[in-house]
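# Notes for the structure review
Here are the chains, one letter per residue:
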Amino acid sequence: MNSGEGIFEVTPLVAAAHELKAPLALMRQLALRLGDETISTAERQRLLQQTVLTSERALRLTSDLTKAARLDSALFQLEPINPDQLCRDVVGELQPLFKAYGRSVAVKGRRHPLLLVANRDLLRRILLGFSDNALYYSQPGTAVHLQIQAFKKSGVVRVGVRDFGPALSSDMWRTLQNKLNSAPQAIHARPESSGLGLFIASQFADAMNGRIGAVRHKDGATFYVELQASRQLSFL
Amino acid sequence: MTRVLLVEDDTWLAEVEMSIISDAGYEVLIAPHAPAAIELVDSFEPEVIVLDVLLAGSTAFALLNELQSYSDTGLIPVVLCTNIADQFDAKKLKEYGVMRVVDKTTMYPEDLIAAIAGVL
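What counts and what doesn't
- Residues numbered from 1 in each chain as written.
- Chains lettered and ligands numbered in written order.
- Predicted model: local features only at pLDDT ≥ 70, side-chain atom pairs only at ≥ 80, totals over all residues.
- Buried ≥ 20, exposed ≤ 12 C-beta atoms within 10 Å, placed from the backbone.
- Helix = DSSP H or I, 4+ residues; strand = E, 2+ residues; numbered from the N terminus.
- Arc of directions from axis to C-beta.
- Pairing = 2+ DSSP bridges.
- Axes fitted to C-alpha atoms, helices over the stretch in contact; angles between N-to-C directions.
- Parallel < 35°, antiparallel > 145°, perpendicular 65-115°, else oblique.
- Left-handed = near helix turned anticlockwise from the far one by under 90°.
- Contact = placed C-beta atoms within 7 Å.
- Nonpolar A, V, L, I, M, F, W, Y, C, P; charged D, E, K, R; others polar.
- pLDDT = per-residue confidence, 0-100.

Turning next to helix H2 (residues 34-44) of chain B. Residue and element names in this part refer to chain B. Here H2 has its buried residues at Ala34, Ala37 and Val41. Buried residues along H2 cover an arc of 50 degrees about the axis, so they all sit on one side. Among the exposed residues of H2, those pointing more than 90 degrees away from its buried face are Glu39, Asp42 and Ser43. At the C-terminal side of H2, Glu45 shows a positive phi close to 50 degrees.

Following this line, the structure appears as structure tokens:
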């Protein structure tokens, strides 16, 4: 059977085209549905909101792609950042999308964590990407948690996005581990994703001297980025 | 009323497709992934399955193989409704019960209904 395997090499460009197909196809169907004169005003409002939110998701990806393509030539200012505040900003930004999908997103953990050294925009993009992924995998009615954890001995702060959904199978987990540090994969490697989002997140983390990773749980997964803790307190 | 099982993991697209199919007079249930689809095949006994390919978890092909493993479920006609229709040879998919392939990126509501009607 031709299951679409091994048909073409998956470059970042091909992966990007694939990743953008789904939201564009959805927006088209939403627009066609909006053309139905028999739908109620409430339904029309709902479809309009879904169209706007879907376009925003697609635009985030295009913006990330542009940013990733310019990583080598750009200078990114690294500064001490309060991860709790940044997580709350991300949660505020994503709240409408999660609500529209019948899910919630919240920050869990200490309100006064160690500061970390990062570029605010790149870290925000990583967390938005992980949260978007968590939205896709979480079960309706569940919450996605942004969590902050400090590893004082190693001087690292981990910011993770925890979803509550079906456990990842061992096969999917192995595939995922490969994707955490590699270029986008053939689209059959993980059925619904080329791994482009993880690839971009990995590049953003590299640019901040950090790394991304994932933890598998019985009821979901956590995707995280680890960055150096700020040492400014030690100078006091 | 003819029963249609819609296997689609995108919640909003599933809702739109469900509206299109039910407006055309079919009874529709949504399965967001392959394991849910298998359960509904037993309980809902669909006469047609509209199947997305790139599902969360197992792909459509795992589900097609499962369906083909049993003489009764192997007879349920399948309409593949996918963003990657250009990657498939519709003729080769027939032995897996796939009777029509609909391209989600270009389809109009009437195309989906025509595909369902065409396999009954």
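A few words now on the sheet that holds strand E4 (residues 78-82) of chain B. Residues and elements named next belong to chain B. The sheet built from five strands is open, its strands ordered E2-E1-E3-E4-E5 with parallel pairing. Two strands bound the open sheet, and with one partner strand each, they are strand E2 (27-31) and strand E5 (98-103). Each strand of the sheet is rotated relative to its neighbour by a mean of 20 degrees, with strand direction disregarded. Sheet topology places strand E1 (residues 3-7) next to strand E3 (residues 48-51); four bridges connect them, and they run parallel. Among the inter-strand pairings, Val4 is bridged to a residue of E3, identified as Val48.

All names here are of chain A. Where helix H3 (residues 83-100) meets helix H4 (residues 120-137), the closest approach of the two axes is 10 Å, and the angle between their N-to-C directions is 40 degrees. In terms of orientation, H3 and H4 fall into the oblique class. Crossing of H3 over H4 shows right-handed handedness. Contacts between H3 and H4 involve Leu86, Cys87, Val90, Leu94, Leu97 and Phe98 on the former and, on the latter, Arg120, Leu123, Arg124, Leu127, Leu128, Ser131 and Leu135. Tallied by class, residues from the contact of H3 with H4 come to ten nonpolar, one polar and two charged.

What follows deals with unusual backbone geometry. Phi is positive for Asn209(A), which is not a glycine, with a value near 60 degrees. Inspection of the secondary structure assignment puts Asn209(A) in the loop between helix H6 (196-207) and strand E6 (211-217). Judged by the 11 C-beta atoms lying within 10 Å of it, Asn209(A) falls in the exposed class. Even without being glycine, Glu45(B) reaches a positive phi, approximately 50 degrees. Within the secondary structure, Glu45(B) sits in the loop between H2 and E3. Overall, the presence of 12 C-beta atoms within 10 Å leaves Glu45(B) in the exposed class.

Before going further, it helps to spend a moment on the sheet that holds E6(A). Strands pair in a sheet through their backbones, by hydrogen bonds, and they do so in one of two ways: parallel or antiparallel. Residues and elements named next belong to chain A. Strands sit in the order E2-E4-E5-E7-E6 across an open sheet of five strands; the sheet is mixed. The sheet is open, and its two edges are formed by strand E2 (104-108) and E6, each paired on a single side. Neighbour-to-neighbour, the strand axes of this sheet turn through a mean angle of 20 degrees, independent of strand direction. Sheet analysis places strand E5 (residues 156-164) next to strand E7 (residues 220-228), joined by nine bridges and oriented antiparallel. When the sheet's bridge partners are listed, Phe164 is paired in E7 with Gly220. Here H4 sits on the sheet in contact with E2, strand E4 (143-151), E5 and E7, set at roughly 25 degrees to E5.

Before going further, it helps to examine the confidence of the model for chain B. All names here are of chain B. Within chain B, residue pLDDT values average 92, and 99% of them lie at 70 or more. Averaged over each element, pLDDT in chain B is lowest for helix H4 (residues 90-93) (82) and highest for E1 (98). The ipTM for the predicted assembly is 0.90, set against a pTM of 0.82.

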